[in-house]
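Okay, here's what each chain looks like letter by letter:
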Amino acid sequence: MNRRLNYLLFNNSFIIFVFLGIIFKVDYISNYQILNNAFNILIMLTFILVCFLYLLHKKYDKLDYLIVTYLIIIGVSTIINNQDIVYYVFKKIPFLTIYFYTKLCLKYDERKFLKSFSTYFVLTTFINFISILYTSDRSINRVFFLGYDNSYTPYIVFGCFIQLLYYMRFHDNMSALEKGILKLSFVYNIVSCLIVRSATCKIGIILFLLSYILFKVLKIKDTKLLSYKMFYLLSIFIFFFIVIFRLQNYFDFIIVDLLNRDLTFTGRTYIWDKAISLIKDNMVLGLGFSDMELRIKAIGIYHAHSAYLNVLLESGIIGLIFYNSIFIECGSCINKSKNKDIKNILSFLFFTLFILSINEVYVQLQIIYLVFALCTFYANYEDREMIK
């Protein structure tokens with residue numbers, strides 16, 4: 001019975017599509033209270049079901065422990081600082097749900113899961129593209145089908161990377177129609193990111209386009225300059241260069257002339273100063289997780305507008321250690337893969353994440369937890385057999 005249930009939930013294209021629709025709840029649903037509440041209930045039920053089945057799975061890896069420990073640390077900090085722990089738990093539920101669910105699906109059929117994700121991604125991003133085109137003044141009206149342009153950036157940018165990975169893995173088995181739809185999705189998502197106001201969205205999609213040229217067009221396979229380790233170290237250097245030492249003046253031709261932003265990154269430097277001041281007073285465990293509006297009232301900022309600073313703000317040095325450990329383990333998993341396409345695309349995906357995270361904090365990161373699951377799967381891919 002349990003085996004049959006697992007096969008139905010994790011190896012059925014329609015069920016996978018439905019689960020993705022629940023976990024990646026589109027922002028437009030929030031406009032309808034009854035529908036939004038129904039989805040929230042479904043998210044909770046999905047979490048309970050997936051976690052229960054994953055616990056029965058009884059095969060856990062290092063990344064599982066690091067992710068769970070990191071989330072627990074933020075939870076402890078939230079309790080210590082008298083924040084709303086129920087709100088925190090509900091906000092983090094989709095992360096663990098998509099992480100565990102992706103791992104279980106990949107165990108049965110990698111292609112079926114990636115194809116189901118591709119179908120959902122193409123559908124939702126196409127509707128978002130149409131909603132962007134129908135918006136008259138996109139410099140003022142920045143909320144579309146998927147939500148606020150800055151907020152949905154990870155979903156579109158990293159979704160495109162996953163689409164590219166899917167194409168590189170299975171293009172020989174795809175029909176001409178499926179290949180055409182995939183390529184068309186790249187085109188309209190690139191256009192949709194370039195015509196909205198968000199500079200972060202533009203940078204993200206340009207980096208994706210660069211990866212497409214490098215790995216799909218030029219077919220680069222093996223180079224130490226494009227390794228995960230180099231990307232990770234480079235992103236840390238850029239973080240200190242800009243956020244800590246404030247040397248962005250050397251790139252004013254990009255920031256001011258090309259991206260049409262000022263050298264404070266639209267006031268982010270003032271937020272970084274405030275965050276650093278607060279971090280110094282709460283070095284060990286930080287201030288915990290909080291609703292954005294409540295945090296503004298309490299400390300004057302809703303988040304640190306930089307991922308590393310925000311991790312320190314919410315979970316202190318202890319949280320930062322585990323946060324970095326997650327990405328170090330992901331790098332280790334990627335390097336274990338013998339497939340050059342997998343290694344290159346995932347490495348560049350994380351480089352893009354690191355760059356975007358220098359001046360952004362993404363609240364809805366389900367897509368990244370999906371990528372975490374892909375990393376652990378591909379680490380030992382050659383040694384696995386799909387469950388029939």
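It should be emphasised that the depicted structure is a prediction, and the values quoted were computed from it without experimental measurement. (Residues numbered from 1 in each chain as written. Predicted model: local features only at pLDDT ≥ 70, side-chain atom pairs only at ≥ 80, totals over all residues. Heavy atoms only, no water.)

Caption draft 1: View of the packing of aromatic side chains. What the rule picks out here adds up to 48 aromatic pairs. On the numbers, 5.5 Å between centres and 75° between planes, the contact of phenylalanine 17 with tyrosine 120 is edge-to-face. Of the two residues, phenylalanine 17 sits in helix 2 (residues 13-23) while tyrosine 120 sits in helix 6 (residues 110-133), which places them 103 residues apart along the sequence. Accessibility expressed as a relative area gives 25% for phenylalanine 17, which makes it partly exposed. When the centroid spacing of 6.4 Å and the interplanar angle of 55° are considered together, the rings of phenylalanine 208 and tyrosine 212 count as tilted. Here phenylalanine 208 pairs with tyrosine 212, and both are found in helix 9 (residues 199-217), just four residues apart, close to one helical turn. With respect to burial, phenylalanine 208 and tyrosine 212 carry one shared label: buried. If you follow arginine 169 out to its NZ or CZ, it ends over the ring of phenylalanine 170, 5.2 Å from the centre. (Phe/Tyr/Trp six-rings, centres within 6.5 Å; stacked < 30°, edge-to-face > 60°. Helix = DSSP H or I, 4+ residues; strand = E, 2+ residues; numbered from the N terminus. Buried < 20%, exposed > 50% of the residue type's maximum accessible area, 1.4 Å probe, protein only. Lys NZ or Arg CZ within 6 Å of the ring centre and 35° of its normal.)

Caption draft 2: Summary view of the pattern of salt bridges. The full count for this structure, using the stated rule, is nine salt bridges. Between arginine 142 and aspartate 149 there is a salt bridge; the shortest N-O distance is 3.0 Å. The two residues arginine 142 and aspartate 149 agree in class, both being buried. Within the structure, one salt-bridge network assembled from shared partners comprises Asp61, Asp64 and Lys103. (Salt bridge = Lys/Arg side-chain N within 4 Å of Asp/Glu carboxyl O.)

Caption draft 3: View of the state of the cysteines. For the structure shown, the criterion picks out zero disulfides. Here cysteine 193 stays unpaired: no disulfide links it, and the sulfur of cysteine 201, its closest cysteine neighbor, is 3.2 Å away. When its relative accessible area of 0% is taken as the criterion, cysteine 193 is described as buried. Cysteine cysteine 330 is unpaired, with the sulfur of cysteine 375 as its nearest cysteine sulfur at 4.3 Å. You can call cysteine 330 buried: its relative accessible area is 0%. (Disulfide = S-S within 2.5 Å.)

Caption draft 4: Region of interest: the nonpolar core. With 130 residues, the main nonpolar core has Ile67, Phe158, Phe208, Phe327, Phe350 and Phe372 as its most contacted residues. If sequence neighbours within four positions are ignored, phenylalanine 372 has contacts with Leu63, Ile67, Tyr99, Ile326, Phe327, Cys330 and Phe350. (Core = buried A, V, L, I, M, F, W, Y, C linked by side-chain atoms within 4.5 Å. Contact = heavy atoms within 4.5 Å.)

Caption draft 5: Main features of the confidence of the model for the protein. On average, residues of the protein score 91 in pLDDT, and 95% of them are at 70 or above. Taken together, the stretch residues 383-388 has pLDDT below 50 and engages in 14 contacts with residues farther than four places along the chain or on a different chain. (pLDDT = per-residue confidence, 0-100.)

Caption draft 6: Quick look at helix 6. Its 24 residues give helix 6 an end-to-end C-alpha distance of 34 Å, which sits within 8% of 34 Å, the value for a rise of 1.5 Å per residue. Of the residues that open helix 6, the one with a side-chain oxygen 3.1 Å from the backbone nitrogen of arginine 111 is aspartate 109. (Expected span 1.5 Å × (residues − 1). Polar contact = N/O pair within 3.5 Å; in protein donor to acceptor, adjacent residues only side chain to side chain.)

Caption draft 7: The arrangement of the side chain of glutamate 178 in detail. For glutamate 178, the position within the fold is in helix 8 (residues 176-194). The residues contacting glutamate 178, other than those within four sequence positions of it, are Arg111, Lys115 and Tyr166.

Caption draft 8: Region of the structure containing the side chain of threonine 352. Within the secondary structure, threonine 352 sits in helix 15 (residues 340-356). With residues up to four places along the chain from it excluded, the contact list for threonine 352 reads Val157, Phe158, Phe161, Gly204 and Leu207.

Caption draft 9: Main features of helix 3 (residues 33-57). The end-to-end C-alpha distance of helix 3 is 36 Å, a good match for the 36 Å that 25 residues give at a rise of 1.5 Å each. Buried residues of helix 3: Asn36, Phe39, Asn40, Ile43, Thr46, Phe47, Val50, Cys51, Leu53 and Tyr54, and no others. Taken from the residues just after helix 3, lysine 58 is the one with a positive phi, measuring 60°.

Caption draft 10: Just unusual backbone geometry, in detail. Despite not being glycine, lysine 219 shows a phi value in the positive range, around 60°. By secondary structure assignment, the location of lysine 219 is in the loop between helix 9 and helix 10 (228-244). Judged by its relative accessible area of 54%, lysine 219 is exposed. Even without being glycine, arginine 246 reaches a positive phi, approximately 55°. Summarising the element assignment, arginine 246 is placed in the loop between helix 10 and helix 11 (252-258).

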